[in-house]
Amino acid sequence: MHDTGPATHLPTDAATAAALRHVAATLAYRAAKILRDVPPGFDSMVFGPATRSPVQIVAHMADLMAWGITLARGEYGWKADGGSDWTVEVQRFFDGLAQLDAVLGSGELPEGAAEKLIQGPLADALTHAGQLAMLRGMAGRPVRPESYARADIVAGRVGSDQPGPRREFDGDASARR
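Here goes a summary of the coordinates provided. Owing to the predicted nature of the structure, the values given are computational and were not obtained by experimental measurement. (Residues numbered from 1 in each chain as written. Predicted model: local features only at pLDDT ≥ 70, side-chain atom pairs only at ≥ 80, totals over all residues. Heavy atoms only, no water.)

## Focus: helix α3 (residues 86–105)
Heads up, the condition is: Comment: elements are numbered from the N terminus, with helices defined as DSSP H or I runs of at least four residues and strands as E runs of at least two. Given a helix with a known number of residues, its expected span is that number minus one, times 1.5 Å. Contact between two residues is taken to exist if any of their heavy atoms lie within 4.5 Å; hydrogens are not considered.
Given a rise of 1.5 Å per residue, 20 residues ought to cover 28 Å, and the 29 Å separating the end C-alpha atoms of α3 matches this to within 8%. In this fold, the buried residues of α3 make contact with α1 (14–35), α2 (54–72) and α4 (113–138). Gly107 sits one or two positions beyond α3 and adopts a positive phi of about 155°.

The following block contains the structure:
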């Protein structure tokens, strides 16, 4: 193991907060696409004995946003608070994302908060969005692939009412042709 010396932190300035707000908006866009028009009964489908149900994943994502708010304020407070009502948990996730975005937009971050947000709640929630997308495919209603680099994602737009896709396609973009 190499000693890299004293820990360095990302800047705590408005540019870092703006970048984090864009990550939050990206999460909102991708999650909204995955969470709309789910198959009937998707919320409580069981895919395996060690797999969370979709509603449990969304509830965890909402808990992650609440945790992110505490991290953005320089605190560290985790609380599992989810339930089993799909509509409530989806709304709680987007409400939490909006609150996190508001905190990020309110000023400078405490030292180390940006790193904690990236490696903790934001990365974890993006991972869970991917899990939900895979589960939708297993449930027979996959999310269509999209060129997300061309998506209409705007910092500050973090609700479930995201714009439609600009460039979806069929097939697998990674498949050799």
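Continuing now.
## Description of the packing of aromatic side chains
The line we're drawing: Classification of ring pairs uses Phe, Tyr and Trp, with its six-membered ring standing for Trp, and accepts pairs whose centres are within 6.5 Å; under 30 degrees between planes counts as stacked, over 60 as edge-to-face, and the remaining range as tilted. The classification of residues rests on relative accessible area computed with a 1.4 Å probe and restricted to protein chains. Under 20% of the type maximum is buried, over 50% is exposed, and intermediate values are partly exposed. Cation placement over rings: the criterion is NZ of Lys or CZ of Arg within 6 Å of the ring centroid and within 35° of the ring normal.
Scanning the entire structure with this criterion turns up six aromatic pairs. Plain terms: the ring middles of Phe42 and Trp86 are 6.0 Å apart, the flat faces sit at 80° to each other, and that makes the pair edge-to-face. Here the residue Phe42 occupies a position in the loop between α1 and α2, and Trp86 occupies one in helix α3, the gap between them amounting to 44 residues. This pair shows no difference in class: Phe42 is buried, exactly as Trp86 is. Through pairs of rings, three or more aromatic residues link up here, namely Phe42, Phe47 and Trp86. Over the ring of Tyr148 we find Arg30, and its NZ or CZ is 3.8 Å from the ring centre.

## Brief notes about the layout of surface pockets
What counts here: In this analysis, the protein atoms alone were mapped onto a 1 Å grid. Cavities are point sets where a 1.4 Å probe fits without being able to get out; pockets are open sets with protein on both sides within 12 Å along at least five of seven lines; lining residues have an atom within 4 Å of a point. Grid points are joined across faces, edges and corners, and a volume is the space filled by probe spheres set on the points. Three classes are used: nonpolar for Ala, Val, Leu, Ile, Met, Phe, Trp, Tyr, Cys and Pro, charged for Asp, Glu, Lys and Arg, and polar for all others, with Gly counted as polar.
Approximately 220 Å³ is the volume found for the largest pocket. Secondary-structure elements contributing two or more residues to the lining of the largest pocket are α1 and α4. Broken down by element, the lining of the largest pocket gets its largest block of residues, four residues, from α4. In terms of residue class, the lining of the largest pocket is built from seven nonpolar, one polar and two charged. Taken as a whole, the second largest pocket holds about 150 Å³ of empty space. As for the second largest pocket, its lining consists of 13 residues, of which Ala62, Asp63, Ala66, Trp67 and Arg92 are closest to the centre. Contributions of two or more residues to the lining of the second largest pocket are made by α2 and α3.

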